[in-house]
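Topology and contacts: notes
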Amino acid sequence: MGKKMLIIGGGISGLSAGCYAQMNGYETETFERNPVPGGLCTSWERQGYTIDGCIHWLVGTRPGSPFFKLWQELGVDLSDAVRFETFYQVEDGDQTAILRGDLDKLQAHLCRISPEDSHRIERILDWARAFAALDFPVEQPRDLMNFSDGLKLLWSMRPFVKTMRYLQSRTIEEECSRMESDLIRRVFTRYIPEQYSMTALVSTLASLHKGDAGFPRGGSKRLAEDMAQRYRQLGGALHCAKPVKRIAVRGDRAVGIELEDGSQVSGDLVVSSVDAHFALEELLEGKYTPPEMGRYFRELPTFTSAQISFGINANLCAEPHTLFYRLPEPMVLAGVRHKNMGFRHYCYDPSLTPAGKTLVTCSIFSDYDHWQELKKDGKRYQQEKERLAAQVQEQLEARFPKAKGNVEMVDVATPLTYQRYTNVWRGSYMGFVVGPKQGRVRIPWELPEVGNLFLIGQWFDTMPGLPGSMLTGRYMVQRLCRREERPFFSAPRPAELAPSSQ
Ligand SMILES: Cc1cc2nc3c(=O)[nH]c(=O)nc-3n(C[C@H](O)[C@H](O)[C@H](O)COP(=O)(O)OP(=O)(O)OC[C@H]3O[C@@H](n4cnc5c(N)ncnc54)[C@H](O)[C@@H]3O)c2cc1C
């Protein structure tokens with residue numbers, strides 16, 4: 001029998017850790033607080049509509065790309081994923097700009113709109129082209145690369161070292177503020193928080209160009225279900241509706257977990273894939289929080305939003321699937337002043353919507369503290385949700401007259417919804433926002449005072465979103481294998497290498 005590993009949390013990082021650990025001979029059990037796995041990567045049903053609460057785009061949808069291969073190892077087949085030719089449309093009065101995946105067409109289109117920005121547009125898109133020509137290796141963490149792998153990586157990146165340094169040092173906001181045309185500036189700043197470095201923007205444009213940033217058919221819940229199925233096939237035990245209350249520490253080692261129902265489970269290794277703040281402050285009762293993590297929680301910015309979803313008994317599929325436009329007048333929505341509005345419909349995946357109808361969502365940047373304050377009085381919180389839905393619906397019907405009188409389902413998720421469902425700190429579903437202004441951020445995946453305990457998940461990788469979360473699970477298992485001086489497998493281990501025969 002291999003070592004017994006207890007994994008807390010069945011989100012994407014926990015499922016990834018579970019799959020790779022099973023492939024490498026560990027005997028794992030995963031404890032998830034919700035009735036279904038997936039965590040933040042989820043969808044929910046309302047009146048026949050499947051509301052996707054997560055994926056707008058997923059990196060790894062191009063067959064053969066580095067992430068495609070890793071998703072495949074985890075049971076996720078993205079070969080039929082939706083690949084976007086156009087990513088979104090931005091409108092300003094009677095002017096329209098479209099963010100296309102094809103960088104040459106995008107350049108011609110944007111330069112036609114604003115010839116005076118041509119050299120700035122070209123500069124950004126040239127960086128994206130350079131990124132698109134590279135497939136950054138993601139299979140193992142940098143700290144495990146041997147000398148020759150490290151050298152190979154450095155060599156392949158040689159022409160870009162200067163550019164990379166520059167992109168890392170500039171926020172999207174700084175770089176794009178130079179645009180003469182407000183419309184062009186908005187094309188580049190609509191989608192990724194502007195405090196992120198230019199690397200985030202350029203690498204996303206490169207992924208789009210290569211068809212590597214798409215939408216998995218069936219959406220977020222399906223992705224999580226596929227991973228959970230793979231985990232079970234590999235022999236992992238997934239216990240849903242089993243919230244963990246505490247990580248048991250004896251002396252200087254983690255020795256097991258205590259569940260909310262009072263039962264205790266012991267193990268050789270404990271992996272926490274839950275929200276970092278919750279793990280350190282609740283599951284470990286704040287006794288072992290490293291000082292730098294305390295500082296990061298106090299000082300680093302986070303990002304959250306509210307999602308308002310509408311089920312519409314009309315076909316709006318001829319509209320651009322994702323659209324941003326300037327509001328006639330700025331509006332205060334849930335405590336934040338907004339100048340722009342954005343809508344997305346999901347016609348590209350008909351499995352999410354009843355035939356002939358349209359699911360439209362609106363995501364707005366939101367203030368966690370505003371909702372937290374309202375929550376003290378449940379009635380006011382509910383009223384604010386209804387008010388927000390009514391304000392957004394008015395905009396929806398003004399922009400899409402076909403929706404008027406046909407809205408038959410309304411659903412509002414706030415930052416507190418994400419927190420209630422997954423314990424995520426301040427509703428922050430991308431971990432810390434780490435951009436050039438934050439300097440060097442090093443997030444420890446082990447605690448100096450507690451052995452046999454590993455921390456993974458979105459907070460422990462600086463690549464935001466699902467790919468980064470997934471990688472933390474893989475990297476943790478790779479580091480363990482290296483420590484135990486045995487090879488790492490990314491498929492079920494051959495029988496002759498099973499631990500009992502070693
Ligand atoms: C609105 C929204 C849009 C997003 N858009 C994208 C996108 O377009 N592309 C992209 O790549 N990413 C996107 N993300 C981000 C992505 O979903 C997350 O980064 C990722 O899912 C985090 O995975 P995780 O495993 O680290 O954390 P989580 O998903 O938080 O997993 C932690 C798990 O632990 C469980 N848990 C918590 N407490 C306990 C406990 N006490 N006991 C047992 N289990 C517990 C939780 O229920 C959860 O299942 C989006 C997220 C949201 C919410």
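Just so we're clear, the structure is a prediction, and the values are computed from it rather than from any experiment.

A few words now on the overall build of the protein. Across its full length, the protein holds 16 helices and 20 strands. Computed over C-alpha atoms, the radius of gyration of the protein comes to 23 Å, within 12% of the 23 Å expected from 2.2 N^0.38 for 502 residues, which places it in the range of a compact globule. Over its C-alpha atoms, taken along the principal directions, the protein stretches across nearly 70 × 60 × 45 Å. The buried share among the 502 residues of the protein stands at 44%. Within the protein, contacts between residues separated by at least 24 positions form 71% of all contacts whose residues are at least 6 apart in sequence.

Spatial ordering of the open sheet is given by β5-β9-β6, a layout of 3 strands whose pairing is antiparallel. Looking at which strands have only one partner, the edges of the open sheet turn out to be β5 (58-59) and β6 (82-83). Here 2 bridges tie β6 to strand β9 (residues 213-215), and the two strands are oriented antiparallel to one another. Bridge assignment links Val-82 to a residue of β9, and that residue is Phe-215.

Inspection of the secondary structure assignment puts Asn-452 in the loop between α15 (415-422) and β20 (453-455). The exposure class of Asn-452 is partly exposed, given the 18 C-beta atoms found within 10 Å. It is 15 Å that separates the C-alpha atoms of Asn-452 and Ala-279, two residues lying 173 residues apart in sequence.

This next bit is on the nonpolar core. With 102 residues, the main nonpolar core has Ile-8, Val-202, Met-227 and Val-271 as its most contacted residues. With 23 residues, the next largest nonpolar core counts Ile-51, Met-341, Phe-343 and Phe-400 among its residues.

Turning to the site of the ligand, a few remarks are in order. The environment of the ligand is made up of 39 residues, and the closest members are Gly-9, Gly-11, Gly-39, Gly-457 and Gly-465. Mapped by element, the contributors of at least two residues to the shell around the ligand are α1 (12-23), α15 and α16 (466-483). Along the lines of polarity and charge, the residues of the shell around the ligand split into 19 nonpolar, 17 polar and 3 charged.

This part covers the domain arrangement of the protein. Taken domain by domain, the protein holds domain 1 (4-41 + 219-300 + 434-501), domain 2 (99-210) and domain 3 (305-426). Relative to domain 3, the C-alpha centre of domain 1 lies at a distance of 32 Å. Contacts between the two partners involve 9 residues from domain 1, matched on the other side by 8 residues from domain 3. When its residues are assigned to classes, the side of domain 1 that touches domain 3 shows 3 nonpolar, 5 polar and 1 charged.

Structural remark: α-helix, 3.6 residues per turn; residues separated by three or four positions point the same way. If you check helix α4 (residues 118-132), its first and last C-alpha atoms are 20 Å apart, about what 15 residues at 1.5 Å a residue would give, namely 21 Å. Residues of α4 that are buried include every one of Arg-120, Ile-121, Ile-124, Leu-125, Trp-127, Ala-128 and Phe-131, and no others. For α4, the angular spread of the buried residues around the axis is 145°, confining them to a single face. Contacts from the buried residues of α4 go to α3 (103-113), α6 (161-169), α8 (182-189) and α9 (198-209).

Further remarks concern the packing of α3 against α4. Orientation of α3 relative to α4, taken along the N-to-C sense of each, is 170°, at an axis distance of 10 Å. Looking at the two axes, α3 sits roughly antiparallel to α4. On α4, the residues that touch Leu-103, Leu-106, Gln-107, Leu-110 and Cys-111 of α3 are Ser-118, Ile-121, Glu-122, Leu-125, Ala-128 and Arg-129. Residues of the contact of α3 with α4, tallied by class, amount to 7 nonpolar, 2 polar and 2 charged.

Sheet topology places strand β7 (residues 86-92) next to strand β8 (residues 95-100); 6 bridges connect them, and they run antiparallel. Along β8, the bridge assignment pairs Val-90 with Ala-97. Hairpin connection from β7 to β8: 2 residues lie between these consecutive antiparallel strands, with Gly-93 at a positive phi of about 60°. Looking at chain direction, β7 and strand β16 (residues 322-333) are connected through 3 bridges and run parallel. Bridging from a neighbouring strand, Gln-89 pairs with Leu-323 of β16.

Here we take up the sheet that holds β7. Across a sheet, paired strands are connected by hydrogen bonds in the backbone, their directions being either parallel or antiparallel. Spatially, β8-β7-β16-β17-β18-β15-β19 is the arrangement adopted by the 7 strands of the open sheet, whose pairing is mixed. Two strands in the sheet have a free side with no partner beyond their single neighbour: β8 and β19 (407-413). Neighbour-to-neighbour, the strand axes of the sheet open up by a mean angle of 25°, direction not taken into account. Relative to strand β18 (residues 358-365), strand β15 (residues 305-312) runs antiparallel, the two being bridged by 8 bridges. By the bridge assignment, Ser-309 is partnered in β18 with Thr-361.

Right, let's talk about the environment of Leu-208 for a bit. The residue Leu-208 is located in helix α9 in this model. Owing to 26 C-beta atoms within 10 Å, Leu-208 belongs among the buried residues under this scheme. Residues Leu-208 and Thr-86, 122 residues apart in the sequence, show an inter-C-alpha distance of 8.9 Å. Residues within four places of Leu-208 in sequence aside, it is in contact with Phe-84, Phe-87, Gly-101 and Ala-213.

What counts, and at which threshold
Along each chain, residue indices are assigned from 1 in the same order as the chain's sequence is written. This being a predicted model, a pLDDT of at least 70 is required before a residue's local features are given, and a value of 80 or more before pairs of side-chain atoms are given or counted; all residues contribute to the totals for chains, interfaces and linings. Each helix is a run of H or I in the DSSP string that is no shorter than four residues. Each strand is a run of E no shorter than two, and both are numbered from the N terminus. Just to be clear, the radius of gyration here is over C-alpha atoms, and the globule rule we use is 2.2 Å times residues to the power 0.38. With C-beta atoms placed from the backbone, the exposure class of a residue follows from how many other C-beta atoms lie within 10 Å of its own: 20 or more, buried; 12 or fewer, exposed; in between, partly exposed. Residue pairs are scored as contacts if the distance between their C-beta atoms, which are placed from the backbone, is within 7 Å. We treat two strands as partners when DSSP finds at least two bridges between them. As used throughout, a nonpolar core is a set of buried Ala, Val, Leu, Ile, Met, Phe, Trp, Tyr and Cys residues joined through C-beta atoms within 7 Å of each other. Being near a molecule or strand means, for a residue, that its C-beta atom, positioned from the backbone, comes within 6 Å of it. Polarity classes work like this: nonpolar for Ala, Val, Leu, Ile, Met, Phe, Trp, Tyr, Cys and Pro, charged for Asp, Glu, Lys and Arg, and polar for all others, with Gly in that last group. Each domain's extent is set by a domain assignment, obtained either automatically or from a database. Between the first and last residue of a helix there are one fewer steps than residues, each counted as 1.5 Å, and that sum is the expected span. By arc we mean the arc of the directions from the helix axis to the C-beta atoms, nothing more. Note on method: axes are straight lines fitted to C-alpha atoms, helices fitted across the in-contact stretch only, with angles between N-to-C directions ranging 0 to 180 degrees. For classification, angles of less than 35 degrees are called roughly parallel, those exceeding 145 degrees roughly antiparallel, those between 65 and 115 degrees roughly perpendicular, and all remaining angles oblique.

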